[in-house]
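The lines below spell out each chain.
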Amino acid sequence: MKPGSGTRAVCAVLAALALTVTACSTKDDKKDDGGGANPSAPGSPGGKVKTGPGVTDTEIHIGELSDLSGPYAPLGKSVTNAEQLYFDQINAAGGICGRKVVMDVKDHGYDAQKARTAYTEISGKVVGISQMVGSAIVTQLQDDIERDGLLTLPQAWASTLLGKKVIQVTATTYDVEIINGFEYLARTAPLASGDKVGHIYTDDEFGANSALGVKYAAQAAGVSVVDQKIKPTDQDMTAAVTALKSAGVKAIIVSASPRQVGPVMVVTESAGFKVPVLSHSVGFHPQLLAVAAAPMEARLAITSPVPAISSTDLPAVAKLGSDYLAKFPGSSLDQGVMSGYAAAGIFGEDLKAACAAGDLTREGLVAAHRKQTGMDLGLGLKLDFSSNAKPPSYQTFILKVDKSKPGGLVTVEPAHEVPGAKSYTLPKTG
Amino acid sequence: MSDRLAALLRPAALGTLAGLVVLAALPFYLTDFWLLTGLFAMAAALGAIGLNLLSGTTGQLSLGHSFFLAVGAYGYIWFAGDDGRSGTHDVTGLGLPTPIALVAAVLLAGVMGGLFSPISGRLRGMYLGVATLALVFIGEHVMNNATTVTGGYNGRAAEPMTFFGFTLTDREPHLEVLGIEFGAYERLWYLALVLLVVGVVVARNLLRGRPGRALGAVRDSEIAAAVMGVPVARYRSAAFVVSSMYAGLAGVLLALVFGRVIPDYFGLALSIDYLAMIVIGGLGSVGGAVAGAAFVTVLPQLFAHYAGALPLVTATGTDGIGPQEASRYLYGAAIVLVLLFSPGGLAGLARRTAAPRRRAAGHGATSRPRTKEPQGADT
Amino acid sequence: MTKLSEIALNGLALGSVYALIALGFVVIFKASGVMNFAHASLLLLGGYVIARFHDELGFAGAVVVGVLATAAAAGVIEVLFIRGLGKVELHVLTILTIGVDILLTTELVRRIGSDKLSLGDPWGTDAAHIGDVYVAEARIAAIVVAVVLIGVFFIAFRFTSWGLSMRAASEDREAAALMGVRMKRVQLIAWCVAGGLAAVAAVFLTAAPTPGLDRTTGLVALKAFPAAVLGGMDSALGALIGSLLVGLTEALAAGYQSELDAFGGDVSSVAPYVVMILVLLVRPTGLLGSKELSRV
C-alpha cells in the first residue's frame, strides 16, 4: 500500500462527513411531509377551508391499516372492499369539499413491526385512519396516534379501546353487546335463576372483554357461568364442549372467531347436547353454512351492533348488499362488509361536517367528530360520539341464521338496549 | 504509535470507518419510515449475531430465540417501569434508571439462557431444536398471563431511555441539529448504532479468540473437542447464555423503538425470521448476521413501499399477488437459493468475490489473517 | 366418569391424527436425517387438493388424488432440494425445509384466501355413542384409519425390502449405501410416504367437527413436533405413543381447565410441550429414540 493513499482516503471520508453535515439533508420537516400544509387559496375548489397534512386542493387522503395477509385477512378484505365501495360512491357524487377521497391502504399482516412501519409511513400523509384491524395493533400504536391527533376507527370493539380522544370505537363494545345478547338468551332459552351457562372465550382482548359483560349479565340474572378459555388458534372444541356438558350448562355463549363457533355448533350437535348458543357478529361467517347450517339455524343467535345485511326494511342496507355484490362479484356478504361500510360512513360524515365547519385539518376533523351526537347511517340506530368514555351506542340487534338469505343472517330483533346495559360499569383503563 | 496509525489507515479499516460515517449521517437524510426500518434492522442484527454464535458457531439449533427477545423487552419494561395501570391490568415495576434497566434486562436474558442449560446441555440436534420451540409456546402463555409484568394481550409501554435528563423521545429536550429536528427515531438511531458496534466488536473478539475456536471445535465434533481439552458442556451453555444476552439486548432495543410491546410479536414466526437471517447472511459470520438481518428486515418494507412500481405486484387491497405475498415468495426463495447455491450465505458470497480481487491487488500477504469465525458454512 | 371417558376418547382420536403427521416426520428423519418443517405446507396442500376435487371426483376419489398429489410434491421436494445437498449440517437442511414451507404455504394461502373449504367428507355431525359417551363419527374414522395405516406401515417396515433398506439406512447411511442399498430410492419413497400420510391427516383435521380447511390448517403440524420428539425422532412406535400422549394431554388440559386455573386457564396448547420437556430431561432422545451415534 502506498503511504499516501490512506491519508487521501481519510481526507475523503472527512470531506464526506463535512459535506453531510453542512449540505444537510433533503429531508422534509417530518411534521409537514406529504399533503399540502397551506390553507387553500380562495377560489380553489374547496373555497376557504383550513387544511393540514393529508388534504390538498383536490384530494383528501385517508389511511387504512388493514390485515390482508394474516389471521384477520377475511375481516380486513371485506372491510377494505366496503370502504372502497363507500368512497367510490362519494367520489362519483363529487367528493367531499370538492375533493376526491383517496384511500391509502397498507397491509400489516397482523405483525407489530410491519404495522408500526406502515403507520410511520402513512401517518404524515393522511388526515385520519378509517380502518385499523387488530386490537393489539391499535393499542400498540395508540400513544403515537394520540400524539399525531389522527382520528382512527379501529375494526375492534373492546371497551378497553375507549377513553381516547382520537380513537373511536365504531359501535357497541363487546361487553355491552353480550349483555344485550344475554337478555335475549335468558328470555328464549330460557334461563332461570340458579341455572348455569357456559362461556367459551378466546384468551385475548376480545374474549376477555366479552367475559366482563357475561359475568355482569349473569350475576344480574342469578345465573352462574362456567368458563372455558381457548386459544385463538384452537379449532378442536370437543374437550371444551364436553366439559360444559358435564357441568350441566343450559346454554353456551361463544366469544370467539368463526373458526371456533363452527366447531362448537357441530360438536354440540354430535354430542346430542343441543342447547342454545349465543355469539357475537364477529363470530359468524357465511362460509360456516357449508359445514353447520342446520345446527346454526336451529340454535345460534347473534348479538350484533349492525343489522343483518339481508334486512329489507332498511333501504341503505339493501342497497349496500346489491352494490357490494355488483362491485365485488363472488364475494361473501359477511358482517365485515357491514362494519366496514359503517366505519367508512362515520368517517365520511365527519369529513363532511369538518368541511362544513371550514376546518379540514386533523384537529378540525376530530372536533367535528366529537360534535356528532345523532349520526344516522341508515343502519337502524343512531350514534353519539360526544363522549370518548362511552361506546357510541348501547343498542344491538339480535340476528339468527337463515341460509337462504344473503349473508346467511336475518334480523329478528331490531336495535335495542336492555335496561341493565347502561348501569354496567365499563372497565377502567389506565 | 505509528503502527496503530498504519492499522487505522488500512483499506479494510477505512471501509469500516466510511460505513460508520454513512450510518451516522443517515438520520439527516432518511424519513421516519426508513429510519424506523433501519432501527428494526439494527435490533435484528444484534439478535442475529447472538443466534449465530449459538446455531452458526456452536451448531446448537434454536427455535426459541424470540423467547429471549421477549425476556429482554419485558425485562427492560419491568425494570424501568413503575407501578401503575396498563389497559385493564395493574402492573408493577422497579422504576430503575433506564440505562441500568437495560443492563439488568440483558443480564436477565442471560440468566434465562443459563437456566435452560440443563436442557441445552443434554439435548442434541433436532431434539434441542424442538425443545427450544417449547420456549416459544410456554413464553406466549406466560406473557399473556403474567399481566403485572407484561400488561397482558395489550402489552405495556416502555419507559423511554434517558441519559442524565436527555430522553430519547420526540420531546424533552427539543433538539434540532443543523436544521433537522431530532425526534425519537433520530436519537434512538445513535443508541442503536453504538450498541450494534459494541455488539459486533464483542462478537468478533469472542470468535477470534480462544472461545471462538473452542466453540467451532464443539460444533465439528464434541468428542474431538473434549479430547483436546475443551470443556464441552460449559462451552455449550456459555454459548446459550451469550446468545440469550444478545437477544435480550435486541429485545430492549425493540421495546424502545416500539414504545409499547405486545406479546403477539414474539411468536414462532419471529424465531424463524432470525434463523433465516443467519442462514441468508452466512452461518458463523458476524458480518453475515448483520447483512442477513438487514436483508430480512428491509426486504418486506421495500416491497410494501414500492409495490406500485414493481412488475407483477399489485397494489395492496386488490386481487393478485400483493406486496406482502411477493416479499414472502422472495423471502422463501432467498433461503432456498442461498442454501442450494451459496451455502456460505451472503458472507460466503462476499468472501468469494473479494478473495480473487485481493490476491490480484497483492494485499493478500500483508492483510490481517482472515477471521477465524466464518468457517461454519464452508465445512 | 362420562366426562373423563369422552374427553379421553376424543384425545386419543386427536392423537391418532397427530400420529399420521408424526409418523411422516419420523420416516423422513430416518431416511434423510432432517426434521421436515415443510410438513405443514404439505398438509395444507393435501387438504387443498381434496377440497378442490371432491365435487368432481367424489370424496374417495378426491382423497386418492390428494394423497397422490401430496406424495408427489413431497417427492419433488426431496429430489429438488434435499438430495442435492447431501452432507451438510443438520440445521442447514432443516432451515431449507423452512424456506420450502414458506414458498408453498404462501402460494396455497394466496389460493385459499379467506375461504373455508369443505373437503366433502361424509361424516357430518353424526355421532356414535357407546353408553353415555358420544364420539363424532369422523373421530372414530380417524382412529380406525390411523390404526390401519400405521399397522400397514409397521408391516411394510418389517417385511418389505424398502423397510429393510430404511432400517439399514437409519442405522448407518454410508454403510447401507456400501452394502448396496439404493439410498436415493429409499429416501424418495420415504418422502412420498410422509406426504401421503400428511394428506390423510388433513382429511381428519378438517372433517367435522372442525369447520373445514382454511389458511391456518397447516399449523396443526406443529403439534406433531412434540409428539415425534417425545417419542423419539427415529422410532415409529415412539411417534405413535408420543402422539397419543400429546392428544390426551391436550384434551385433558382443555377439558379440566377449571381445575388447572392456577396456571392461567387454557394450558392445552402448552401442556404437550411441558410433557415433552419433562420426558427429554429424563431421556434426551425421547422415549424410544436410539442414542445418537458419536462419530469422531
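Residues numbered from 1 in each chain as written. Chains lettered and ligands numbered in written order. Predicted model: local features only at pLDDT ≥ 70, side-chain atom pairs only at ≥ 80, totals over all residues. Heavy atoms only, no water.

## Some remarks on the packing of helix α13 (residues 268–281) of chain B against helix α15 (residues 323–341) of chain B
Residue and element names in this part refer to chain B. At a minimum axis separation of 10 Å, α13 and α15 run at an interaxial angle of 40°. By the criterion of interaxial angle, the relationship of α13 to α15 is oblique. As α13 runs across α15, the sense of the crossing is left-handed. For the pair α13 and α15, the contacting residues are Ile272, Asp273, Ala276, Val279 and Ile280 in the first and Tyr331, Ala334, Ile335, Val338 and Leu339 in the second. Of the residues that constitute the contact of α13 with α15, the class distribution is nine nonpolar, no polar and one charged. (Axes fitted to C-alpha atoms, helices over the stretch in contact; angles between N-to-C directions. Helix = DSSP H or I, 4+ residues; strand = E, 2+ residues; numbered from the N terminus. Parallel < 35°, antiparallel > 145°, perpendicular 65-115°, else oblique. Left-handed = near helix turned anticlockwise from the far one by under 90°. Contact = heavy atoms within 4.5 Å. Nonpolar A, V, L, I, M, F, W, Y, C, P; charged D, E, K, R; others polar.)

## Examining the domain arrangement of chain B
By a widely used convention, the size of an interface equals the accessible area lost when the partners come together. Residue and element names in this part refer to chain B. According to the domain assignment, chain B contains domain 1 (1–30) and domain 2 (31–361). Look at where the C-alpha atoms of domain 1 and domain 2 centre, and you get two points 25 Å apart. Buried surface at the junction of domain 1 and domain 2, summed over both partners, amounts to about 870 Å²; 78% is from carbon and sulfur atoms. Of all residues in domain 1, Pro27, Phe28 and Leu30 give up the largest surface area on contact with domain 2, accounting jointly for 68% of the area buried on that side. Summed over the shared surface of domain 1 and domain 2, the number is two residue pairs in polar contact (both at pLDDT 80 or more). Here the side of domain 1 that touches domain 2 is composed, by residue class, of eight nonpolar, no polar and no charged. (Domains from an automatic or database assignment. Buried area = accessible area lost by both parts, 1.4 Å probe. Polar contact = N/O pair within 3.5 Å; in protein donor to acceptor, adjacent residues only side chain to side chain.)

## With respect to empty space enclosed by the protein
Tallied over the entire structure, the rule returns eight cavities of 30 Å³ or more. Estimates place the volume of the second largest cavity at around 110 Å³. Lining the second largest cavity are 12 residues, and of these Asp107(A), Ala118(A), Gln301(B), Ala304(B) and Gln324(B) sit closest to its centre. A per-element tally of the lining of the second largest cavity places helix α3 (residues 112–123) of chain A first, with four residues. (1 Å grid on protein atoms, 1.4 Å probe; cavity = no way out; pocket = protein on both sides within 12 Å on 5 of 7 lines; lining within 4 Å. Points joined across faces, edges and corners; volume = space filled by probe spheres on them.)

## Looking at the sheet that holds strand β5 (residues 151–155) of chain A
All names here are of chain A. In space, the four strands of this open sheet follow the order β3-β2-β4-β5, with parallel pairing throughout. Since the sheet does not close on itself, it has two edges, and those belong to β3 (100–107) and β5, each with one partner. Averaged over all pairs of adjacent strands, the angle between strand axes in this sheet comes to 20°, irrespective of strand direction. Pairing of strand β2 (residues 59–66) with β3, which is carried by eight bridges, proceeds in the parallel orientation. Paired with Leu65 across the two strands is Lys106, which belongs to β3. Helix α11 (residues 335–356) contacts β2, β4 (128–133) and β5 of the sheet and is inclined by roughly 170° relative to β5. (Pairing = 2+ DSSP bridges.)

## Quick notes on the environment of Pro315(A)
Residue and element names in this part refer to chain A. Residue placement: Pro315 occurs in helix α10 (residues 315–327). With a relative accessible area of 63%, Pro315 lands in the exposed category. It is 43 Å that separates the C-alpha atoms of Pro315 and Gly194, two residues lying 121 residues apart in sequence. (Buried < 20%, exposed > 50% of the residue type's maximum accessible area, 1.4 Å probe, protein only.)

## A closer look at unusual backbone geometry
In most cases, non-glycine residues show a negative phi, while peptide bonds are predominantly trans. Residues and elements named next belong to chain A. Residue Pro190 follows Ala189 across a cis peptide bond; omega there is -15°. Note that Pro190 resides in the loop between α5 (174–188) and β6 (196–202). Phi is positive for Cys97, which is not a glycine, with a value near 60°. By secondary structure assignment, the location of Cys97 is in the loop between α2 (73–92) and β3. If you check the backbone angles, Tyr110 has positive phi at about 55° while not being a glycine. Along the polypeptide, Tyr110 turns up in the loop between β3 and α3.

## Some details on a nonpolar patch on the surface
Together, Ile140(C), Val144(C), Val148(C) and Val152(C) line one region of the surface with nonpolar side chains, adding up to about 310 Å² of accessible area. Tracing the sequence through the fold places Val152(C) in helix α4 (residues 137–159). (Patch = residues over 30% accessible without salt bridge, like charges linked within 9 Å, V, L, I, M, F, W, Y side chains within 5 Å. Areas by Shrake-Rupley, 256 points an atom, 1.4 Å probe, with all protein chains shown as cover. Salt bridge = Lys/Arg side-chain N within 4 Å of Asp/Glu carboxyl O.)

## Digging into the interface of chain C and chain B
Contacts between chain C and chain B engage 48 residues on the former and 42 residues on the latter. Of the roughly 3900 Å² buried between chain C and chain B, counting both surfaces, carbon and sulfur atoms make up 78%. For the pair chain C and chain B, the interface holds zero salt bridges. Between the two partners, chain C and chain B, sit five residue pairs in polar contact (both at pLDDT 80 or more). Of all the secondary structure elements, the ones that give two or more residues to the side of chain C that touches chain B are α2 (39–85), α3 (90–112), α8 (221–231) and α10 (271–282) of chain C. Of all the elements, α3(C) adds the most residues to the side of chain C that touches chain B, at 14 residues. Looking at side-chain class alone, the side of chain C that touches chain B contains 31 nonpolar, 10 polar and seven charged residues.

## A word on the sheet that holds strand β14 (residues 396–401) of chain A
All names here are of chain A. The mixed open sheet is built from seven strands, whose spatial order is β7-β6-β8-β9-β10-β14-β15. What marks the edges here is a single partner per strand, and that holds for β7 (224–230) and β15 (409–416). Averaged over all pairs of adjacent strands, the angle between strand axes in this sheet comes to 20°, irrespective of strand direction. For β6 and strand β8 (residues 251–255), the ladder comprises five bridges, and the chain directions are parallel. What sits directly across from His199, in β8, is Ile253. Each of β6, β7, β8 and β9 (277–280) is contacted by helix α6 (residues 205–221), which is oriented at about 165° to β6, the strand it contacts most.

## A word on the nonpolar core
Ranked by internal contacts, the top residues of the largest apolar core, which has 326 residues, are Tyr76(B) and Phe266(B). Top contributing element to this core by residue count: α2(C), with 17 residues. (Core = buried A, V, L, I, M, F, W, Y, C linked by side-chain atoms within 4.5 Å.)

## Brief notes about the side chain of Ser285(B)
Along the polypeptide, Ser285(B) turns up in the loop between α13 and α14 (286–306). For Ser285(B), the side chain forms a polar contact with the main-chain nitrogen of Gly287(B), separated by 3.5 Å.

## Some details on the environment of Trp162(C)
Residues and elements named next belong to chain C. Of note, Trp162 is situated in helix α5 (residues 161–171). For the pair Trp162 and Arg182, spaced 20 residues apart in the sequence, the C-alpha separation amounts to 9.5 Å. Those residues in contact with Trp162 that sit more than four places away from it in its chain are Val27, Phe153, Val186, Ile189, Ala190 and Val193.

## Quick look at the state of the cysteines
All names here are of chain A. Within the structure shown, the criterion is met by one disulfide over all chains. Paired through a disulfide, Cys97 and Cys355 show a sulfur-sulfur distance of 1.9 Å. Taking the sign of the S-S torsion, 95° for the link of Cys97 and Cys355, the bridge is right-handed. With a gap of 258 residues between them, Cys97 in the loop between α2 and β3 and Cys355 in helix α11 connect regions that are remote in the sequence. (Disulfide = S-S within 2.5 Å.)

## A few points about the pairing of β8(A)
On a regular strand, one side chain projects to one face of the sheet and the next to the other, so that they alternate. Residue and element names in this part refer to chain A. Taken across its five residues, β8 has five buried, putting it largely inside the fold. Judged by which residues are buried, β8 turns out to be covered on both faces: Ala251, Ile253 and Ser255 on one side and Ile252 and Val254 on the other are all buried. Two elements, β8 and β9, share three bridges in a ladder whose sense is parallel. Bridged to Ile253 within β9 is Leu278. Read from β8 through helix α8 (residues 258–270) to β9, the crossover connection turns out right-handed. (Right-handed = clockwise from strand over helix to strand, strands pointing away.)

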